[in-house]
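# Tertiary structure, described
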Amino acid sequence: MKVTWEAHGGQAAAIRLGLPPKELESDALPEAAVGELARLVAAAASEAGHERPSRARDAMSHTITVEDKGRSTVLTRSDAAMSPAFAALLGWLEQHIAEQ
């Protein structure tokens, strides 16, 4: 499984402009972490379409793309309209991408 995370907008948008997305390959993770990642992705994907509209100016948005077994899942949320499941996935990615 390959996971790509991109952040857009927000007050620091100019700093991130042109930076490549952050990537995580599940092959580099312990088996337990791969299982947890799969669970978090499934939970966030199951909430797709149930997000509430965002009215926050300068809110950052996040796009997480998951490629697994020939399928691609794209999840996008803003900081102002993030579901708990998406926030959990994002937090997990932040921690594990920093460890690489």
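Now for a quick tour of the structure.

Definitions and cut-offs
Numbering of residues starts from 1 in each chain and follows the order in which that chain's sequence is written. Totals for whole chains, interfaces and linings use all residues, but because this is a predicted model, local features are given only for residues with pLDDT of at least 70 and pairs of side-chain atoms are given and counted only at 80 or more. Side-chain descriptors were evaluated using all non-hydrogen atoms of the structure, hydrogens and water having been removed beforehand. Only runs of H or I of at least four residues qualify as helices and only runs of E of at least two qualify as strands under DSSP, and these elements are numbered from the N terminus. Classification of residues uses two cut-offs on accessible area relative to the type maximum, computed with a 1.4 Å probe and protein chains only: under 20% is buried, over 50% is exposed, and between them is partly exposed. Contacts are assigned to residue pairs that have any heavy atoms within 4.5 Å of one another. In these tables, accessible area is a Shrake-Rupley quantity obtained with a 1.4 Å probe, and a residue counts as shielded only by the protein chains included in the view. In these notes, a set of buried Ala, Val, Leu, Ile, Met, Phe, Trp, Tyr and Cys residues joined through side-chain atoms within 4.5 Å is what counts as a nonpolar core. Each salt bridge in this description consists of a side-chain nitrogen of Lys or Arg and a carboxyl oxygen of Asp or Glu lying within 4 Å of one another.

For the rest of this paragraph, the subject is the overall build of the protein. Regarding its fold elements, the protein presents three helices and four strands. Secondary structure of the protein in N-to-C order comes out as β-α-β-α-β-β-α. Relative to its full complement of 100 residues, the protein shows a buried share of 32%. If you take every contact in the protein between residues at least 6 apart in sequence, the share linking residues at least 24 apart comes to 66%. Accessible area for the protein stands at about 6300 Å²; split by element, carbon and sulfur atoms hold 52% of it.

This part is about the nonpolar core. One finds V3, L24, L37, I64, L89, W92 and L93 to be the most contacted residues of the largest nonpolar core, which totals 21 residues. Residue assignment for this core shows that the elements contributing at least two residues are strand 1 (2-9), helix 2 (31-46), strand 3 (60-68) and helix 3 (84-99). Among the elements that make up this core, the one with the highest residue count is helix 3 (seven residues). Those residues in contact with L89, other than ones at most four positions away along the chain, are L37, L40, V41, A44, I64 and L75.

The next thing to look at is the pattern of salt bridges. Applying the stated criterion to the full structure yields one salt bridge. Between E23 and K2 there is a salt bridge, and its shortest N-O distance comes to 3.7 Å. One end of the pair, E23, is in strand 2 (residues 22-25); the other, K2, is in strand 1, with 21 residues separating them in the sequence. Since its relative accessible area comes to 41%, E23 is described here as partly exposed.

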